[in-house]
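Structural description and commentary
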Amino acid sequence: MNRTSYKVKANSDVQTAVFSCPGLTLCRFRCPTDHERWRRENLIQDGHNIAFSEVPVEIRHAGQPAILANPTVALYYNHGDPFQRRPLHPVGDSGNIFLFDTQTLLQALTPHEPGANPDRPLSIRVGPVASGTYFKQRMLLATVERRPDEDPDWVLEQALEILQEVLASGYGSQGCRSSLGRRSRERVEAVKDRLALDWHEPLSLAQLAAEVETSVFHLCRSFKRCTGVTVNTYRQFLRLRAGLVQLERPETSLAALALDLGFSHQSHFTEAFRRTFGAPPGKIRKALRSP
């Protein structure tokens with residue numbers, strides 16, 4: 001089978017296409033915990049794609065270690081990839097998916113992986129996502145859902161910009177990871193996973209370091225070297241991205257949301273949100289909800 005000739009089948013019982021044009025399809029993905037997909041192997045049948053998670057979920061590609069997907073990373077899938085998922089959150093699996101045609105993806109990969117295999121162009125499975133990029137993809141999906149007649153060229157340009165940012169971040173992180181020893185990388189990944197699952201808990205640096213059997217000094221140094229940010233900044237990324245998702249819900253109270261995310265005052269939440277996403281939460285809520 002020539003995988004470069006697949007037909008995009010974006011809609012299914014767990015996936016809905018909200019925009020489509022030549023070279024690009026944007027989808028919402030929702031898979032509740034009682035769905036039969038959790039009990040069997042899944043297969044990517046809708047084309048090469050980049051997925052942005054809203055909640056933690058374990059993804060295991062055939063013959064590879066499990067990956068903890070969460071809002072700080074993007075997942076990379078080639079058409080035809082088999083994988084299994086395990087729920088870690090009450091909602092199951094939830095996120096946004098950007099489907100690209102082969103030619104578009106190969107051109108975007110040229111700076112990072114020239115001569116990529118057209119059948120399996122994406123050689124990495126997971127990579128970090130900057131806060132600005134995560135915000136852009138959520139705004140883009142919200143925009144096309146509320147304005148289905150949006151200019152396709154504008155949408156495509158926005159999606160290609162997001163694609164370039166995600167690929168640069170994902171492929172660029174490989175060199176940073178290789179500069180650390182295996183054990184240090186494993187400790188950093190274990191702490192990232194712990195924070196992704198329990199960002200709402202008041203976990204101290206000493207507690208995190210003890211869990212991975214290292215000192216606070218070595219944990220902080222390795223974490224910053226591997227991720228480019230401190231442990232507390234990473235935890236705040238998780239809190240704020242969870243807040244960004246919740247802002248799209250009509251019942252959200254900013255004061256209650258600030259407390260739920262672990263901020264002692266709404267003003268602290270507002271300032272952290274503004275620094276991260278470029279605008280206060282009230283303004284972004286209006287942008288996410290406005291037609």
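Structure shown above.
Anyway, here's the lowdown on the structure attached to this text. (Residues numbered from 1 in each chain as written. Predicted model: local features only at pLDDT ≥ 70, side-chain atom pairs only at ≥ 80, totals over all residues. Heavy atoms only, no water.)

**Here we look at the overall build of the protein chain**
Keep this limit in mind: In this description a helix means any DSSP run of H or I spanning at least four residues, a strand means any run of E spanning at least two, and both kinds are numbered starting from the N terminus. To get the radius of gyration, use the C-alpha atoms; to get the globule rule, take the number of residues to the power 0.38 and multiply by 2.2 Å. Residue burial is assigned from relative accessible area. The probe radius is 1.4 Å, only protein chains are included, and a residue is buried under 20% of its type maximum, exposed over 50%, and partly exposed in between. Contacts are residue-level and defined by heavy atoms, with any inter-residue pair within 4.5 Å sufficient. To measure how exposed things are, a 1.4 Å probe is used in the Shrake-Rupley method; for residues, cover is taken only from the protein chains shown. Under the counting rule used here, the positive set is Lys and Arg, the negative set is Asp and Glu, and His together with the chain ends is not counted. Think of each charge as sitting on NZ of Lys, CZ of Arg, CG of Asp or CD of Glu.
A count of helical and extended segments in the protein chain gives ten helices and ten strands. For 291 residues, the compact-globule estimate of 2.2 N^0.38 gives 19 Å, and the protein chain sits close to it at 19 Å. With respect to the three principal axes, the spread of C-alpha positions in the protein chain is 50 × 45 × 40 Å. Taking all 291 residues of the protein chain together, 48% fall into the buried category. The contacts in the protein chain between residues at least 6 apart in sequence include a share of 71% that link residues at least 24 apart. Accessible surface for the protein chain amounts to roughly 13,600 Å². Of this, 52% is attributable to carbon and sulfur atoms. Each charge class in the protein chain can be summarised by its mean position, and for the 37 positive and 31 negative side chains these summaries are 5 Å apart.

**What about helix α10 (residues 281-289)?**
What counts is decided by this rule: Our arc is simply the arc of the directions from the helix axis toward the C-beta atoms.
Buried residues of α10: Pro281, Ile284 and Leu288, and no others. Looking straight down α10, one finds its buried side chains confined to an arc of 65 degrees; they lie on one side. Opposite the packed face of α10, turned more than 90 degrees from it, sit the exposed residues Lys283 and Lys286. The secondary structure elements touched by the buried residues of α10 are α2 (131-146), α7 (231-246), α8 (254-260) and α9 (266-277).

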